[in-house]
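Breakdown of the fold
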Amino acid sequence: MPAEPQEWVDATAAALGAVLGEAVDGGQFPGGVLVVGQAGVGRVVAGRGVVAPECGDVRPDEHTRYDLASLTKVLATWPLVGAAVRTGRLGLDAPLRAAFPELPSPGGELTTAQLLSHTSGLLPRTGLARYEHTGRPLAEHLCAEPLVSAPGAHHRYVDRGFILLGLLLPDLLGRPLAELADGLWHGLGLTATAYGPLPRDARLAPTEQRLRGAPRTWGVPHDPSAALLGGVAGHAGVFSTAADLAAFAEHLLGADGPLPEWFALSLRPRTPVEPGLHRGLAWIVTADGSVAYHHGFTGTSLYLAPRTRRYVVLCSNAVYHGWDRARLAALRALALRVLLPAAP
């Protein structure tokens, strides 16, 4: 017999919290926090470890701020693009040049959908420093680069498409990216979500120490390209809390409205990623359409199950001791598994 909704929330939070605790107790990273919820039912918070040794005995909770890394793509750029598409300022399947005639080829011929679905063929390595002090807009540089594959032909996860969208949105919508994002988050009630830099604080998790003897990366983006762009970029740079991510999840899982409608459209498979997984617009979607998710390099994840309106939020500074994909592999695999439909 299926578990009652609140029973599922409680049991899932306990199971995921135990796996998170094992990673923390094993010294993989200082700590982290999970939120497991079902829209209209409730949510449970499970925190383990400490924010970081630099923060003393402060325990992570739903109000601890973390560097979201690539969750910026779905928390900032993706919804702003959706608003531009909805109002007709941007055509989803039209070439960028239709809205930005100044963009050179071949990038100017790419579509917004190709950028969002990581099928643009743009260069996989970012390396933006070489374009500094040229006097030419960075967006034009990115569009002038050669493509590594035909647009729409292959899925290749790269930051460049979202960097490009983050550069173009201010020209399209008439305000800096940080202001556009702030307006979006304010409208959704996400009061702790912001681009950096942010002042160092015990409730703000530091990430990696890149140079021995130097201060940790703390309050500024871990992502070097976002840092090069001043901390505000379309692919990384946002800081937030598990509480705000849970609120965002519940907005996306809402019954109606522009954001849930854009979310539903974005879950239509655009290209295969690996067996059983497809890429929609920004999101990875399971083959049966039951779960959508996105990760952040620093140790963050957001999982959503549209049919059941269940979700899992993970915030951690898993790169504290350097990057290792294995540190979160078990936890992320379980988070996906618990949201999949039960076998008949």
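If you're wondering where the values come from, they're calculated on a predicted model, not measured in any experiment. (Residues numbered from 1 in each chain as written. Predicted model: local features only at pLDDT ≥ 70, side-chain atom pairs only at ≥ 80, totals over all residues. Heavy atoms only, no water.)

Looking only at helices and strands, the chain has 10 helices and 11 strands in total. A compact globule built from 344 residues should have a C-alpha radius of gyration of about 20 Å, and the chain, at 20 Å, falls within 12% of that. If one aligns the C-alpha atoms of the chain with their principal axes, the spans along those axes are about 55 × 55 × 35 Å. Considering only contacts in the chain between residues 6 or more positions apart, those separated by 24 or more positions represent 64%. Within the structure as shown, the chain displays about 14,200 Å² of accessible surface, and the carbon and sulfur contribution to it stands at 55%. For the chain, the separation between the mean place of its 29 positive charges and that of its 30 negative charges on side chains is 4 Å. (Helix = DSSP H or I, 4+ residues; strand = E, 2+ residues; numbered from the N terminus. Rg over C-alpha atoms; globule rule 2.2 N^0.38 Å. Contact = heavy atoms within 4.5 Å. Areas by Shrake-Rupley, 256 points an atom, 1.4 Å probe, with all protein chains shown as cover. Lys, Arg positive; Asp, Glu negative; His and termini not counted. Charge placed at Lys NZ, Arg CZ, Asp CG, Glu CD.)

Turning our attention to the sheet that holds strand β7 (residues 277-279). Taken in spatial order, the eight strands make up an open sheet running β2-β1-β11-β10-β9-β8-β7-β6, and their pairing is antiparallel. Strands with a single pairing partner mark the edges of an open sheet, and in this sheet they are β2 (42-49) and β6 (271-274). Across this sheet, the average inter-strand angle for adjacent strands is 20°, counted without regard to direction. In terms of strand pairing, β7 meets strand β8 (residues 284-286) through three bridges, oriented antiparallel. (Pairing = 2+ DSSP bridges. Axes fitted to C-alpha atoms, helices over the stretch in contact; angles between N-to-C directions.)

Judged by nonpolar contacts, the single largest core of 74 residues is most densely connected at Trp78, Trp185, Phe248, Phe263, Trp283, Leu304 and Val313. Setting aside residues up to four positions removed in sequence, Trp78 forms contacts with Lys73, Phe248, Leu252, Leu259, Trp262, Phe263, Ser266, Leu281, Ala282 and Trp283. Within the second largest apolar cluster, 27 residues are counted, among which are Val9, Leu34, Ala46 and Tyr303. (Core = buried A, V, L, I, M, F, W, Y, C linked by side-chain atoms within 4.5 Å. Buried < 20%, exposed > 50% of the residue type's maximum accessible area, 1.4 Å probe, protein only.)

The next point concerns the side chain of Arg310. Assignment of secondary structure puts Arg310 in strand β11 (residues 310-316). Notably, Arg310 is buried but unbridged: the nearest opposite-charge side chain belongs to Glu4, and the N-O separation is 8.6 Å. For Arg310, the contacting residues outside a window of four places in its chain are Pro5, Trp8, Gly37, Gln38, Leu253, Tyr303, Leu304, Ala305 and Leu339. (Salt bridge = Lys/Arg side-chain N within 4 Å of Asp/Glu carboxyl O.)

The next subject is the environment of Asp223. Checked against the element boundaries, Asp223 lands in the loop between β4 (194-195) and α7 (224-228). Residues Asp223 and Arg175, spaced 48 residues apart in sequence, show a C-alpha to C-alpha distance of 23 Å. Beyond its immediate chain neighbours, meaning those up to four positions away, Asp223 contacts Asp159, His235 and Ala236. At a separation of 2.8 Å, a polar atom in the side chain of Asp223 contacts the side chain of His235. (Polar contact = N/O pair within 3.5 Å; in protein donor to acceptor, adjacent residues only side chain to side chain.)

Further remarks concern the sheet that holds strand β5 (residues 238-241). Read from one edge to the other, the open sheet built from three strands follows the order β3-β5-β4, with strand pairing classed as antiparallel. The open sheet has two edge strands, β3 (65-67) and β4, and neither has a second partner.

For the coordinates displayed, the defined rule picks out nine salt bridges. With its nearest N and O atoms 2.8 Å apart, the salt bridge here joins Glu54 to Arg216. Taken as a pair, Glu54 in the loop between β2 and β3 and Arg216 in the loop between β4 and α7 lie far apart in primary sequence, 162 residues in all. Residue classification places Glu54 among the partly exposed residues on the basis of a relative accessible area of 37%. With relative accessibility at 14%, the residue Arg216 sits in the buried group. One salt-bridge network, held together by shared partners, links Arg130, Glu145 and Arg160.

A few words on the environment of Glu261. By the secondary structure assignment, Glu261 is in helix α9 (residues 258-266). Relative accessible area serves as the criterion here: at 53%, Glu261 is assigned to the exposed category. In sequence terms Glu261 and Ala3 are 258 residues apart; their C-alpha atoms lie 29 Å from each other.

Think of an α-helix as turning once every 3.6 residues; residues three or four places apart then point the same way. Along its 12 residues, helix α6 (residues 177-188) runs 17 Å from first to last C-alpha, staying within 8% of the 16 Å computed at 1.5 Å per residue. Buried residues of α6: Leu177, Leu180, Ala181, Leu184, Trp185 and Leu188, and no others. Down the axis of α6, the sector holding all buried residues measures 125°, keeping them to one side. What points out from α6, more than 90 degrees from its buried face, is the exposed set His186 and Gly187. In this structure, the buried side of α6 is in contact with α2 (72-86), α5 (160-173), β4, β5, α8 (242-252) and α9. (Expected span 1.5 Å × (residues − 1). Arc of directions from axis to C-beta.)

These figures come from the coordinates and say nothing about function on their own.
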